[in-house]
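Descriptive structure summary
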Amino acid sequence: MLTVESATPRPDDRPDERWSLDLAGRWAYALDPEGVGHLDQWFRHGLPGTPATAELPGSLQHQGIGDPVGVDTPWTGSIVDRSYFTDDRYAPYREPGAVSVPFWLQPRVYYRGAAWFQREVLVPEHWAARDVVLHLERVHWESTVWLDDHEVGTARSLTTPHRFDLGRLAPGRHRLTVRVDNRTVVDVGPNAHSVSDHTQGNWNGIIGELSLTAVPAVTVRRVRVVPDVAARSALVKVDIAAGTAGAGTGTVRVSARRFNVAGTHEAGPVTAAFEAEHSRDLGERGLTAGGAHVDVLLPLGAGAVTWDEFEPALYELTVELVADVHGQEHRDVARTVFGLREVGVDSTQVTVNGRRTFVRGTLESCVFPLTGYPPTDVASWRRVIAVCRAHGLNLLRFHSWCPPEAAFTAADEAGFYLQVEGPVWANQGAALGEGGPVDAFLFDETRRILDAYGNHPSFVMMAHGNEPGGRDAELLATWVTTWRTYDPRRLYTSGAGWPALAENDYDNIPDPRAHRWGEGLASRLNGRPPETESDYAEWVRSRPRPIVSHEIGQWCAYPDLGERARYTGLMEARNFGIFADFLDEAGMGDQAEAFLHASGKLQTLCYKEDVEAALRTAGFGGFHLLGLSDFPGQGTALVGVLNPFWESKGYATAEEFARFCGPTVPLARLPRRVWSADEQIRFEVQVAHFGAGPLEADVRWSILDDGGAQLAAGTIAERTAIPVGNDTRFAPVQVPPPASGAARLTLVVTVEDASGDRFENDWGLWVYPPDQHVAVPDGVVVTERLDEAVRHAADGATVLLELASDDIGNDVALGFTPAFWNTAWTGGQAPHTLGILHDPEHPVFRRFPTDGWTDWQWWELLHGARAMLLDGLPRALRPVVQPIDTWFEARRLGALVEARLGRGRIMVSSLNLDPGGDRLAARQFRRGLLEYLAGPDFAPAHTVTPAELESLLR
């Protein structure tokens with residue numbers, strides 16, 4: 001048994017440290033996987049066996065307490081691709097003692113069940129006349145508390161502190177016992193990020209503040225602050241709790257001060273009285289404790305400053321209560337932080353303090369690999385928010401979970417917006433609206449969230465949870481109207497993803513995005529030639545309220561295998577170990593870093609177009625990325641330009657990302673990316689400006705060559721007014737191509753305001769000669785037939801074998817974009833690859849400028865093409881153009897392969913080299929390819945046999 005010998009002061013809204021006891025430290029613990037502890041009365045007789053200790057706050061698993069992971073570990077979370085359990089390829093990773101799972105990060109130990117924590121506490125003498133409250137900031141997830149032999153109660157919130165009223169305690173030693181159960185208490189859905197092994201992991205323990213507090217007989221139970229921006233005031237709603245003796249008579253004194261900038265503005269104090277009979281009436285109605293409610297209107301003054309992303313002015317509110325109950329005085333003080341902020345809707349756009357804004361969000365899915373649970377300190381959340389802001393974002397969406405208080409505090413300070421969700425993903429194993437316990441639990445959790453965190457100005461949006469299943473529409477319509485009435489200080493939507501109900505303040509739907517679930521090769525970026533004119537205007541016209549696109553992007557990059565060294569805590573990236581083994585077995589282990597870089601460049605390119613399409617849409621509400629950082633679960637979804645630690649993966653900087661994602665973004669509407677040298681380049685400039693106020697700015701354009709030298713430039717407008725919004729468009733620009741031969745160019749648009757602040761964005765363009773005919777040089781044979789190619793090469797000819805996609809029998813779907821989410825979770829949705837890798841210095845690209853990865857000039861060549869499987873070719877042979885396979889398969893792929901064959905030489909292409917119509921890029925590439933084959937540089941290093949070549953067709 002452990003004992004607390006003295007009170008440790010803790011930060012608290014009650015000024016007298018004598019009334020607070022910090023319980024952080026060593027606790028005795030015992031595991032109870034069979035659930036016998038309650039029946040055997042461990043709370044009464046002490047924990048069984050030799051006492052072991054664990055540190056609280058913390059989790060058992062993070063301290064190495066639990067079972068080794070096995071094939072039969074009872075995970076919390078759906079596993080869509082079950083091949084791990086049956087495929088021989090995974091057999092080495094199912095061996096006892098060497099188990100590695102591919103579908104999420106793997107904890108070093110695992111425990112699912114009840115755990116008991118126990119210690120003695122020393123209650124001071126001066127606490128004798130006060131009730132004592134036990135505060136457990138975040139529990140995963142059900143807690144039951146005993147004091148000595150008495151069961152105090154049970155709490156099961158996943159989102160807010162568990163608080164237990166222990167009553168009045170005799171001074172001296174008491175035994176405190178807490179049982180924590182991390183099994184599924186309510187079926188919120190196995191994939192909900194509040195509970196799932198896909199993300200934080202199903203931890204067991206208590207984190208954050210653990211404390212005992214002695215409270216007076218009459219206390220401030222809750223304070224809600226309702227700002228009024230127009231009146232520069234706040235309505236302070238004070239709930240007072242009292243015992244059976246009532247609240248008596250007394251005063252409530254309310255004051256506020258601005259504290260986060262120099263030269264603070266002071267407001268108050270304002271005093272209001274409450275009557276004794278008010279509390280007696282409440283008591284007579286059968287409430288557990290009597291109480292009173294007082295509303296105080298607090299003027300903040302004409303100079304009061306509003307809170308938003310540009311100036312996050314914060315006020316600390318102090319409520320001082322003095323009550324007289326039967327001649328005995330009781331005092332209490334409560335403090336909270338608020339901002340003078342109102343969030344609303346203006347037609348189809350969100351407003352903050354009456355000004356239109358644009359939601360630029362990403363997901364936070366409770367991914368914390370070092371601990372396996374979320375941080376409760378403000379500094380950790382400041383870092384995450386700073387990284388998001390550096391990338392041009394202004395909102396974090398908490399997918400099917402609610403963060404601890406520290407996240408709200410950090411967001412308040414930074415002027416960063418939050419979408420909070422209930423801890424529910426009632427789908428894929430759970431459902432809403434069918435009368436199950438989850439329905440009531442959702443409503444209870446929502447009330448707890450709003451009561452606990454509702455004053456935070458950063459808390460601007462709320463959804464019930466993610467992508468519901470079941471007969472949910474009626475229940476969710478009620479959910480929206482209930483909580484909007486209860487707390488109108490934020491916007492509500494039925495659910496992240498769906499349904500789009502008339503009751504919603506905004507719709508968070510998955511349709512307006514560049515690639516939707518199941519579209520595969522028919523999505524816009526795969527199925528239509530590249531342009532930058534597409535937008536979602538029809539969607540805006542389709543409904544009377546804002547749309548915030550749900551989970552746009554989901555573009556994958558190859559695993560950063562060097563990242564494994566970062567996993568020094570609870571979670572291990574054993575999935576990356578499997579993928580590294582697969583790559584080594586295929587003879588491509590030395591290409592891992594190149595695969596990461598090339599696929600990452602394509603991923604970033606796709607995110608740029610996804611974001612810009614949203615910004616181009618006048619009246620659009622915004623988007624949530626999926627995501628800025630990787631999602632380690634659901635089969636391993638490497639969809640971020642950042643890793644799960646919110647660190648760069650090396651191929652996209654924050655500055656590069658923020659060029660196309662920020663408060664002010666220049667946009668160019670281009671009908672195409674590839675131009676003929678005899679036609680005018682046409683584009684229209686648009687500015688998406690959601691800054692603190694209108695701009696007066698110069699708008700200019702320039703075209704640069706590959707080395708950054710300016711080839712052409714012009715001014716679109718001088719000192720022009722740019723209002724807040726994204727409907728500022730200028731007259732189209734036409735300019736002759738500043739290059740006559742094949743050239744890669746960069747269009748840059750600059751917006752520079754009167755203070756010298758510059759906002760720039762850029763787009764790659766390609767200019768090729770206009771001539772239609774591509775002659776086959778003498779000495780080169782072009783054929784689509786393998787037997788003909790073999791015959792000519794055997795005779796010493798130089799051969800270009802152009803394989804049609806229908807002639808290639810493998811199931812690798814090659815598209816322009818990288819894989820969406822990942823092939824394991826999507827059931828093999830196309831495309832299966834992650835872009836292409838090639839050496840830009842190879843002479844075959846002499847007439848086709850390229851960087852070594854997929855860019856927009858490759859669209860024609862990849863559209864309708866198919867990858868070749870190179871398993872039958874010599875292992876040392878590397879293709880000239882190499883599609884990057886998904887990490888689950890790690891197949892050796894090629895789209896352009898050169899080799900010696902017999903006495904001749906052969907180039908095999910599975911690219912779409914059709915030169916017809918306006919396929920300028922394909923025609924130019926084919927022209928350069930044929931010149932290369934006819935020239936002295938065509939000297940393949942490796943030899944293949946006819947049989948090996950024939951394997952490409954399988």
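Residues numbered from 1 in each chain as written. Predicted model: local features only at pLDDT ≥ 70, side-chain atom pairs only at ≥ 80, totals over all residues. Heavy atoms only, no water.

**Quick look at the packing of aromatic side chains**
Enumeration according to the criterion identifies 49 aromatic pairs in this entry. A centroid spacing of 6.5 Å and a plane angle of 85 degrees characterise the contact between Tyr558 and Trp887, whose relative ring orientation is edge-to-face. Of this pair, Tyr558 sits in the loop between β28 (548-553) and β29 (571-572) while Trp887 sits in the loop between β44 (882-885) and β45 (893-894), and the two are 329 residues apart along the sequence. Accessibility classification places Tyr558 together with Trp887 in one group, the buried group. Each ring, one from Phe816 and one from Trp856, has its centre 4.9 Å from the other, and the planes form 20 degrees; the classification is stacked. Taken together, the residues span a long stretch of sequence, with Phe816 in the loop between β41 (798-802) and β42 (833-837) and Trp856 in the loop between β42 and α13 (859-862) at a distance of 40 residues. For the pair Phe816 and Trp856, one class covers both residues: buried. Ring pairing ties together the aromatic residues Trp75, Tyr84, Phe85, Tyr90, Tyr93, Phe103, Trp104, Tyr110 and Phe582, which thus form one cluster. (Phe/Tyr/Trp six-rings, centres within 6.5 Å; stacked < 30°, edge-to-face > 60°. Helix = DSSP H or I, 4+ residues; strand = E, 2+ residues; numbered from the N terminus. Buried < 20%, exposed > 50% of the residue type's maximum accessible area, 1.4 Å probe, protein only.)

**Quick word on the side chain of Asn726**
Relative to the helices and strands, Asn726 is located in strand β36 (residues 725-729). For Asn726, a relative accessible area of 0% translates into the label buried. Polar contacts involving the side chain of Asn726 include one to the main-chain carbonyl oxygen of Thr617, which spans 2.6 Å. Aside from chain neighbours lying at most four places away, what touches Asn726 is Gln349, Phe358, Ala614, Leu615, Arg616, Thr617, Ala618, Gly619, Gln686, Val687, Ala688 and Phe690. (Polar contact = N/O pair within 3.5 Å; in protein donor to acceptor, adjacent residues only side chain to side chain. Contact = heavy atoms within 4.5 Å.)

**A short note on the sheet that holds strand β22 (residues 355-356)**
Overall, antiparallel pairing links the 3 strands, which are arranged β20-β21-β22 in an open sheet. Since the sheet does not close on itself, it has two edges, and those belong to β20 (343-346) and β22, each with one partner. (Pairing = 2+ DSSP bridges.)

**With respect to the sheet that holds strand β25 (residues 417-421)**
Across the sheet, 7 strands lie side by side as β27-β26-β25-β24-β23-β30-β28; this open sheet has parallel pairing. What marks the edges here is a single partner per strand, and that holds for β27 (491-493) and β28. Between one strand and the next, the sheet's axes are offset by a mean angle of 25 degrees, whatever the strand orientation. The sheet contact formed by strand β23 (residues 359-364) and strand β24 (residues 395-398) spans 4 bridges and is parallel. Bridging across to β24, Leu363 finds its partner in Arg397. Strand contacts of helix α4 (residues 405-414): β24, β25 and β26 (459-463), with the helix running at about 155 degrees to β25, the strand carrying the most contacts. Its contacts with the sheet place helix α6 (residues 473-486) against β26 and β27, and it is angled at close to 165 degrees to β27. (Axes fitted to C-alpha atoms, helices over the stretch in contact; angles between N-to-C directions.)

**Remarks on the confidence of the model for the protein**
Confidence along the protein averages 93 in pLDDT terms, with 95% of residues attaining 70 or more. Here residues 1-15 scores under 50 on pLDDT; set against residues more than four positions off or in separate chains, the count is 43 contacts. Low pLDDT (under 50) marks residues 274-289, which in the prediction has 27 contacts with non-local residues, meaning those over four places away or in another chain. (pLDDT = per-residue confidence, 0-100.)

**Details of the packing of helix α5 (residues 437-453) against α6**
Angle between the axes and distance between the axes: these two values describe a pair of packed helices. Two numbers describe how α5 lies on α6: the axes approach to 11 Å, and their chain directions differ by 20 degrees. In terms of their interaxial angle, α5 and α6 are classed as roughly parallel. Considering the relative orientation of α5 and α6, their crossing is right-handed. In this structure, α5 contributes Asp439, Leu442, Phe443, Thr446, Arg447, Leu450 and Asp451 to the contact, and α6 contributes Leu475, Leu476, Thr478, Trp479, Thr482, Trp483 and Tyr486. Here the contact of α5 with α6 is built from residues that sort into 8 nonpolar, 3 polar and 3 charged. (Parallel < 35°, antiparallel > 145°, perpendicular 65-115°, else oblique. Left-handed = near helix turned anticlockwise from the far one by under 90°. Nonpolar A, V, L, I, M, F, W, Y, C, P; charged D, E, K, R; others polar.)

**A closer look at α4**
Listed as buried for α4 are Ala406, Ala407, Phe408, Ala410, Ala411 and Asp412. Contact partners of the buried residues in α4: α3 (378-390), β24, β25, α5 and β26. Once α4 ends, the next one or two residues include Gly415, with phi positive near 70 degrees.

**Some details on the pattern of salt bridges**
Within the structure shown, the criterion is met by 58 salt bridges. Asp762 is paired through a salt bridge with Arg659; the nearest N and O atoms lie 2.9 Å apart. A residue pair is termed long-range when its members are at least 10 positions apart, and Asp762 in strand β39 (residues 758-768) and Arg659 in helix α11 (residues 654-659) qualify at 103 residues. For Asp811, the salt bridge identified is with Arg891, shortest N-O distance 3.4 Å. Separated by 80 residues along the polypeptide, Asp811 in the loop between β41 and β42 and Arg891 in the loop between β44 and β45 bring together distant segments of the chain. Given the relative accessible area of 56%, Asp811 is considered exposed. Note on Arg891: relative accessible area 16%, which makes it buried. Put simply, Arg659, Arg700, Glu752, Arg758, Glu760 and Asp762 are held in one network by salt bridges that share partners. (Salt bridge = Lys/Arg side-chain N within 4 Å of Asp/Glu carboxyl O.)

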